[in-house]
Amino acid sequence: MTKFVISGAEHADGTRADLFIADGVFVEERPSGADVIDADGLIALPGLVDLHTHLREPGREDAETVASGSMAAARGGFTCIHAMANTTPVTDTAENAEHILDLGIKADLVQVVPIGAITKALAGKELAELGLMHASRAAVRVFSDDGMCVMDAGLMRRAFEWIKPFDGVLAQHAQDSGLAGPGACCHEGDISGRLGLAGWPPVAESVIIARDAQLAEATGSRLHVCHITTAEGVDVIRWAKARGINVTAEATPHHLYLKTEEVVNYDTVYKVNPPLRTDEHVEAIREALADGTIDIVGTDHAPHAPHDKDHSFAEAKPGMLGLEQALSVIMETMVTTGRLDWAGVVDRMSAAPARIGRVAGQGRPLVAGEPANLVLVDPARRATVDRDASASFSRNNPYHGRDLPDPVELTMWAGRVTHRR
């Protein structure tokens, strides 16, 4: 169907109004011959936008493909996801960025936006084709070396200078490799010491954020800090914003919900980069997301095949699934606790990430003339998470067996239903 009436839904501001959709956009008048969707008891939100998704294709199609990741995203209420560059080959050329774009178009379930690498092969030695990736059909605006922090300050400064003319943004994984080396896999503290795991101190995050914020200020360019996890990191973001530096930040669902204690049995599902933190850091992240210091929720959806996780904790690949339970976790940690209302959820999970990524047509209000991108949410529904029910090819789901909200009833992208319970 290309015509819909969504009847009886509540909106994020608490009002109720039917939504009329025809040919992919919201319209003023009820279209004739429309498919009527009864949304009584549901909340209508703009489609969610993820600025931090790993789709693994090309190179690791055993863990995820663009198609399977897109399906997981639609099930989670997303209408747009940004595909990280750490594939094989790396998305460090215009040709590779266009390939990701075309895979997303073929999957046709969400808008897939390629993220370009900052440096060639994520090696931190030479800038990737930043300008050419932006000028390509992929129109790349966000660049990141993801888990490979760009340690060369001079190179990072040149990257900021290169992206400024087309209003690009550098998304940095803040990890000082001298303070938290390649073996760092657990929050530095009592648990890491007791388990004999290499510790990751909070300062390894905050010093990189401070450096990059000053580089962004010096160049007048834009910085986005991926997955903030520490109170110290939050402090630096607050400082930078107070100075008027063009910096934004994200928090992941798992860093808002899970804590260091999860790793005490060496369960590699809970190995993630950066690591799960202790109570005081989790509280600082929740507070910062609530007050807007942290701008968005980014899932850092990181699927892994079983043989990537079936190792000792120190040797296992870091990362966990995030797309399908992202809204569930935000409801559990932020909405039911009163830290965010539904308008706040719309801002942190739709409008702000679309604005940071400069994605036209996403994160828009549900009003006539706007693209029909929406998610219908049941605020009362809960369920026990079953990793085997995931649309993802991988099963490294940290929420398996937990009772969480199960809100997504329907996802619609550009006027087409991409998921329906």
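See the structure shown above.
Every value quoted in this text rests on a predicted model; they were computed, and no experiment measured them.

On strand β3 (residues 19-22), burial covers both faces: Leu19 and Ile21 on one face and Phe20 and Ala22 on the other are all buried. Judged from the three bridges that link them, β3 and strand β4 (residues 25-27) form a sheet pairing that is antiparallel. Looking across to β4, one finds that Ala22 is bridged to Val25. In sequence, β3 turns back onto β4 through a hairpin of two residues, with Asp23 there showing a positive phi of about 55 degrees.

What follows deals with the nonpolar core. If you look at the biggest cluster of nonpolar residues, it comprises 74 residues, and the most contacted ones within it are Phe143, Val225, Ile228 and Met349. When residues in this core are grouped by element, the largest group, six residues, is from helix α11 (residues 326-335). Non-local contacts of Met349, meaning those with residues more than four positions away in its chain, are made with Leu48, Val49, Phe78, Val297, Ala326, Leu327 and Ile330. Ile191, Met320, Tyr399 and Leu404 belong to the second-largest nonpolar core, a separate cluster that totals 17 residues.

A word on the packing of aromatic side chains. Taken as a whole, this structure holds two aromatic pairs when the rule is applied. Summarising the aromatic geometry, the rings of Tyr257 and Tyr399 are spaced 5.9 Å apart at their centres and angled 55 degrees between planes, so their arrangement reads as tilted. Of this pair, Tyr257 sits in helix α8 (residues 253-257) while Tyr399 sits in the loop between β18 (382-384) and β19 (403-405), and the two are 142 residues apart along the sequence.

Turning next to the layout of surface pockets. Each pocket or cavity is described by its volume, and for the largest pocket that value is around 1,100 Å³. Lining the largest pocket are 43 residues, and of these Asn86, Gly147, Met148, Asn273 and Pro318 sit closest to its centre. Of the residues in the lining of the largest pocket, the class split is 18 nonpolar, 17 polar and eight charged. Here the second largest pocket is characterised by a volume of approximately 380 Å³. Lining the second largest pocket we find 18 residues, and of these Glu324, Gln325, Ala389, Asp406 and Arg421 sit closest to its centre. Taken together, the elements giving at least two residues each to the lining of the second largest pocket come down to β18 and β19. Residue composition of the lining of the second largest pocket, by class: seven nonpolar, six polar and five charged.

Strand order in the open sheet formed by five strands is β2-β6-β17-β20-β21, with mixed pairing between adjacent strands. Each edge of the sheet is formed by a strand with only one pairing partner; in this case those strands are β2 (10-11) and β21 (416-420). By the bridge criterion, four bridges tie strand β6 (residues 43-46) to strand β17 (residues 374-377) in an arrangement that is antiparallel. Along β17, the bridge assignment pairs Ala44 with Leu376.

This paragraph deals with the pattern of salt bridges. Counted by the stated rule, this structure contains 26 salt bridges. Between Lys241 and Asp295 there is a salt bridge, with the nearest N and O atoms lying 2.8 Å from each other. Separated by 54 residues along the polypeptide, Lys241 in helix α7 (residues 231-242) and Asp295 in the loop between α9 (279-291) and β16 (296-297) bring together distant segments of the chain. The buried category is assigned to Asp295, whose relative accessible area is 14%. Its salt-bridge partner being Arg421, residue Asp406 comes within 3.1 Å of it at the nearest N-O pair. With Asp406 in the loop between β19 and β20 (408-413) and Arg421 in the segment after β21, this residue pair connects regions lying 15 residues apart in the sequence. When its relative accessible area of 23% is taken as the criterion, Asp406 is described as partly exposed. Residues joined in a network through salt bridges with shared partners are Arg381, Asp406, Glu409 and Arg421.

The rules behind each value
- Residues numbered from 1 in each chain as written.
- Predicted model: local features only at pLDDT ≥ 70, side-chain atom pairs only at ≥ 80, totals over all residues.
- Heavy atoms only, no water.
- Buried < 20%, exposed > 50% of the residue type's maximum accessible area, 1.4 Å probe, protein only.
- Helix = DSSP H or I, 4+ residues; strand = E, 2+ residues; numbered from the N terminus.
- Pairing = 2+ DSSP bridges.
- Core = buried A, V, L, I, M, F, W, Y, C linked by side-chain atoms within 4.5 Å.
- Contact = heavy atoms within 4.5 Å.
- Phe/Tyr/Trp six-rings, centres within 6.5 Å; stacked < 30°, edge-to-face > 60°.
- 1 Å grid on protein atoms, 1.4 Å probe; cavity = no way out; pocket = protein on both sides within 12 Å on 5 of 7 lines; lining within 4 Å.
- Points joined across faces, edges and corners; volume = space filled by probe spheres on them.
- Nonpolar A, V, L, I, M, F, W, Y, C, P; charged D, E, K, R; others polar.
- Salt bridge = Lys/Arg side-chain N within 4 Å of Asp/Glu carboxyl O.

Distances and angles like these do not, on their own, reveal function.
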